Amino acid sequence: MRIRHGFFARWRGTEYEASPDGDEVRLYMGEHADGFRQIGPGRFVQVVPASEVEDVRYVSTYCTWRGEPFVVLGEHQGWLRVEYTGGKAPVAESLGLELFDRGVYQAWASKHEVEDVREESV
């Protein structure tokens, strides 16, 4: 199961994590490649003109957990960080979710308990 949440860009036929910034797009990789410079352990970046990028989109991963809708924010050792998207505080509270911020409820869910995992792009 691949969890993606954020910008992605296709450049020269390959998809990268990305950060669009006006006329430029920062492309990220987890290993060194020609033209990429290291910015941290296991993190490499290359800045390219936006005009050279074939496609930029925002990808979110959604799922159903305990019968309710969630967006998946990340994954760690078999657990998914999920955020409730149903918009009903009483439901979120009955599920025992953590109040992360006003109106924002999150939890760690076993990846074996979630259903209908899917990506949506805009």
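Up top is the structure these notes are about.
Criteria and thresholds
- Residues numbered from 1 in each chain as written.
- Predicted model: local features only at pLDDT ≥ 70, side-chain atom pairs only at ≥ 80, totals over all residues.
- Heavy atoms only, no water.
- Helix = DSSP H or I, 4+ residues; strand = E, 2+ residues; numbered from the N terminus.
- Rg over C-alpha atoms; globule rule 2.2 N^0.38 Å.
- Buried < 20%, exposed > 50% of the residue type's maximum accessible area, 1.4 Å probe, protein only.
- Contact = heavy atoms within 4.5 Å.
- Areas by Shrake-Rupley, 256 points an atom, 1.4 Å probe, with all protein chains shown as cover.
- Salt bridge = Lys/Arg side-chain N within 4 Å of Asp/Glu carboxyl O.
- Phe/Tyr/Trp six-rings, centres within 6.5 Å; stacked < 30°, edge-to-face > 60°.
- Lys NZ or Arg CZ within 6 Å of the ring centre and 35° of its normal.
- Pairing = 2+ DSSP bridges.
- Polar contact = N/O pair within 3.5 Å; in protein donor to acceptor, adjacent residues only side chain to side chain.

### Regarding the overall build of the protein
Part 1: Scanning the protein from terminus to terminus reveals one helix and 11 strands.
Part 2: Taken over C-alpha atoms, the radius of gyration comes to 17 Å for the protein, far larger than the 14 Å a tight globule of 122 residues would show.
Part 3: Here the protein holds 122 residues, and 35% of them are scored as buried.
Part 4: Looking at the protein alone, contacts between residues at least 24 apart form 49% of all its contacts between residues at least 6 apart.
Part 5: A total accessible area of about 7,600 Å² is found for the protein, and carbon and sulfur atoms account for 45% of it.

### Some remarks on the pattern of salt bridges
Part 1: This model, assessed by the stated rule, comprises 10 salt bridges.
Part 2: When the shortest N-O distance is used, the salt bridge between Glu-15 and Arg-57 registers 2.7 Å. Of this pair, Glu-15 sits in strand β2 (residues 14-21) while Arg-57 is found in strand β6 (residues 55-65), placing the two residues 42 residues apart along the sequence.
Part 3: Between Arg-26 and Asp-21 there is a salt bridge, and its shortest N-O distance comes to 3.4 Å.
Part 4: A relative accessible area of 27% means that Arg-26 is categorised as partly exposed.
Part 5: Note on Asp-21: relative accessible area 46%, which makes it partly exposed.
Part 6: Connected via shared salt-bridge partners are Arg-4, Glu-15, Asp-55, Arg-57 and Glu-119.

### Quick notes on the packing of aromatic side chains
Part 1: What the rule picks out here adds up to five aromatic pairs.
Part 2: For the ring pair Trp-11 and Tyr-16, a centre distance of 6.2 Å and an interplane angle of 55° mean the geometry is tilted. Neither Trp-11 nor Tyr-16 differs from the other in exposure class; each is buried.
Part 3: Put simply, the rings of Trp-11, Tyr-16 and Phe-36 touch in pairs and so form one group of aromatic residues.
Part 4: Stacked on the ring of Phe-8, the Lys or Arg Arg-4 has its end atom at 4.5 Å from the ring centre.
Part 5: Over the face of the ring belonging to Tyr-28 we find Arg-43, whose NZ or CZ atom lies 4.2 Å from the ring centre.

### With respect to the pairing of strand β8 (residues 79-84)
Part 1: As paired elements, strand β7 (residues 68-76) and β8 share six bridges and run antiparallel to each other. Following the sheet pairing, Gly-74 is matched in β8 by Arg-81.
Part 2: The hairpin turn running from β7 into β8, its antiparallel successor, is two residues long, and Gln-77 in that turn takes a positive phi close to 50°.
Part 3: Looking at chain direction, β8 and strand β10 (residues 104-110) are connected through five bridges and run antiparallel. Of the residues in β10, the one forming a bridge with Leu-80 is Ala-109.

### Observations concerning the side chain of Arg-81
Part 1: Within the fold, Arg-81 resides in strand β8.
Part 2: Here Arg-81 falls in the buried class, since its relative accessible area comes to 13%.
Part 3: At 3.3 Å, the side chain of Arg-81 forms a polar contact with the side chain of Glu-98.
Part 4: Discounting residues that sit within four places of it in the chain, Arg-81 has contacts with Val-71, Val-72, Leu-73, Gly-74, Glu-98, Phe-100, Gln-106, Ala-107 and Trp-108.

Keep in mind these values describe shape, not function.
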